[in-house]
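# A structural walkthrough
For reference, the chains in residue letters:
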Amino acid sequence: MELICARNKDFQTIRNAYMDICEQTKHMKEYGKWVYGLHPSDDLIQSYIEKEAMYMLKEQEEIIGLVAITQSQEDSYHGIQWRVLAKDEEVAVIHLLSICPSYQGKGMSKICMEKVFDLVKEKKAIRLDALSCNTIAHQLYRSLGFVYCGKQNLYASNTGWIDFFFFEKEL
C-alpha cells in the first residue's frame with residue numbers, strides 16, 4: 001500500500017469516495033456526521049489537492065482511504081494547551097481521515113496513519129481534531145500514541161455548534 005499525493009485528475013475519484021463514505025456512515029452516531037457538500041465539500045477537497053495536501057491510500061489502483069495533511073496549524077488550534085511547544089510551521093495537522101466502507105474495520109486507519117507519520121517525521125508534532133461523538137476515532141488516535149489536549153465548542157456546517165476534541169502526538 002502506498003500513500004500518494006492527489007493531483008487534479010484524481011478529484012472525481014476522491015469526490016466519489018467521500019460521497020460513498022458519507023452515505024455509508026450517516027446513520028452511525030459515533031462517526032463524524034459528515035454531509036457531503038457541507039463537510040467535506042468539493043471546494044474543500046479541491047483546495048487540499050491544489051495545496052498538495054490531499055493523499056490517497058491505495059493498493060494498485062484502488063483507493064482504500066483518504067487523508068489531508070497540512071504542513072502547519074491554523075489559528076483555530078491556538079486556543080488549545082498543547083503539550084509540545086511548537087511554532088505553527090513545526091506542526092502537521094490531519095484532516096478528513098477516512099477509510100472506504102469496504103475496508104473499514106480491517107486496520108486500514110492504522111496503516112494510513114503510520115504512513116502519515118513517515119511523511120511528516122521532520123515535524124515536532126502532529127495534531128488533529130475530531131467531533132466529541134466520534135469515539136471510534138478517539139480510540140484509534142489514543143492507540144497510536146496521541147494524547148487528548150482539550151476541547152473547543154466550534155461551529156461546523158454539517159453539525160452546527162458542537163464540541164471538538166483535540167489530540168497531539170509528539171514526533
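Here we summarise the structure given alongside this text. Each chain has its residues counted from 1, running along the sequence as written. It should be noted that, the model being predicted, local features are given only for residues of pLDDT at least 70 and side-chain atom pairs only at 80 or more, the latter also being counted only at that level, while totals for whole chains, interfaces and linings use all residues. The basis for every side-chain value is the complete set of heavy atoms in the structure, and neither hydrogens nor water enter the calculation.

## Let's talk about the pairing of strand β6 (residues 147–156)
Two strands qualify as a pair provided that DSSP identifies no fewer than 2 bridges between them. A run of H or I in DSSP becomes a helix once it reaches four residues, and a run of E becomes a strand once it reaches two; helices and strands are each numbered from the N terminus. Relative to strand β7 (residues 160–170), β6 runs antiparallel, the two being bridged by nine bridges. Of the residues in β7, the one forming a bridge with K151 is F165. Joining the antiparallel neighbours β6 and β7 is a turn of three residues.

## Re the sheet that holds strand β1 (residues 2–5)
Read from one edge of the open sheet, seven strands run β1-β2-β3-β4-β5-β7-β6, paired in mixed fashion. Sheet topology places β1 and β6 at the edges, where each strand pairs with a single neighbour. Averaged over all pairs of adjacent strands, the angle between their axes in this sheet comes to 30°, without regard to strand direction. Residues are treated as being in contact if the distance between any of their heavy atoms lies within 4.5 Å. Orientation is described by lines fitted to C-alpha atoms, with helices fitted over the stretch in contact, and by angles between N-to-C directions that extend from 0 to 180 degrees. The sheet strands contacting helix α3 (residues 108–119) are β1, β2 (54–59), β3 (62–70), β4 (91–99), β5 (125–131) and β7, and the helix crosses β4 at an angle near 155°.

## Re the layout of surface pockets
Any space left empty among the atoms is revealed by the rolling of a water-sized probe across them. A cavity, in this analysis, means grid points on a 1 Å lattice covering only the protein atoms where a 1.4 Å probe fits yet has no way out; a pocket is instead an open set bounded by protein on both sides within 12 Å along at least five of seven lines, and a residue lines either one if it has an atom within 4 Å of a point. Grid points are joined across faces, edges and corners, and a volume is the space filled by probe spheres set on the points. Considering only enclosed or pocket space, the largest pocket measures out at about 1,100 Å³ in volume. Along its surface, the largest pocket is lined by 44 residues, and W34, L96, L97, N134 and Y141 are the ones closest to its centre. Among the secondary structure elements, those contributing two or more residues to the lining of the largest pocket are α1 (11–25), α2 (42–50), β4, α3, β5, α4 (135–143), β6 and β7. The element that contributes the greatest number of residues to the lining of the largest pocket is β4, accounting for six residues. When grouped by side-chain class, the residues that make up the lining of the largest pocket number 25 nonpolar, 14 polar and five charged. Following the grouping adopted for this structure description, the nonpolar residues are Ala, Val, Leu, Ile, Met, Phe, Trp, Tyr, Cys and Pro, the charged ones are Asp, Glu, Lys and Arg, and the polar ones are all others, Gly among them.

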